[in-house]
Amino acid sequence: MSKEPPEDLSLEEAKDIIEALEEAIREARVHANSRAKHILTDALKETDLY
């Protein structure tokens with residue numbers, strides 16, 4: 001990583017970055033939840049609980 005200080009961002013640029021990060025987090029959560037559901041379903045299929 002660069003040791004140089006970051007350039008100053010405008011308020012609008014900062015808001016855009018935050019919005020993009022929030023969307024990426026939402027998408028990651030959806031993907032993780034979906035993956036977890038598949039893992040749990042597969043694990044339950046190995047038992048008599050499914």
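Quick notes on the rules
Residues numbered from 1 in each chain as written. Predicted model: local features only at pLDDT ≥ 70, side-chain atom pairs only at ≥ 80, totals over all residues. Heavy atoms only, no water. Helix = DSSP H or I, 4+ residues; strand = E, 2+ residues; numbered from the N terminus. Buried < 20%, exposed > 50% of the residue type's maximum accessible area, 1.4 Å probe, protein only. Areas by Shrake-Rupley, 256 points an atom, 1.4 Å probe, with all protein chains shown as cover. Lys, Arg positive; Asp, Glu negative; His and termini not counted. Charge placed at Lys NZ, Arg CZ, Asp CG, Glu CD.

1. A word on the overall build of the protein
Item 1. A tally of regular secondary structure across the protein gives 1 helix and 0 strands.
Item 2. With respect to the three principal axes, the spread of C-alpha positions in the protein is 60 × 25 × 10 Å.
Item 3. Put simply, the protein has 50 residues, and 0% of those count as buried.
Item 4. If you sum the accessible surface of the protein, you get close to 5100 Å²; carbon and sulfur atoms cover 58% of it.
Item 5. The distance from the centre of the 7 positive side-chain charges to the centre of the 13 negative ones in the protein is 8 Å.

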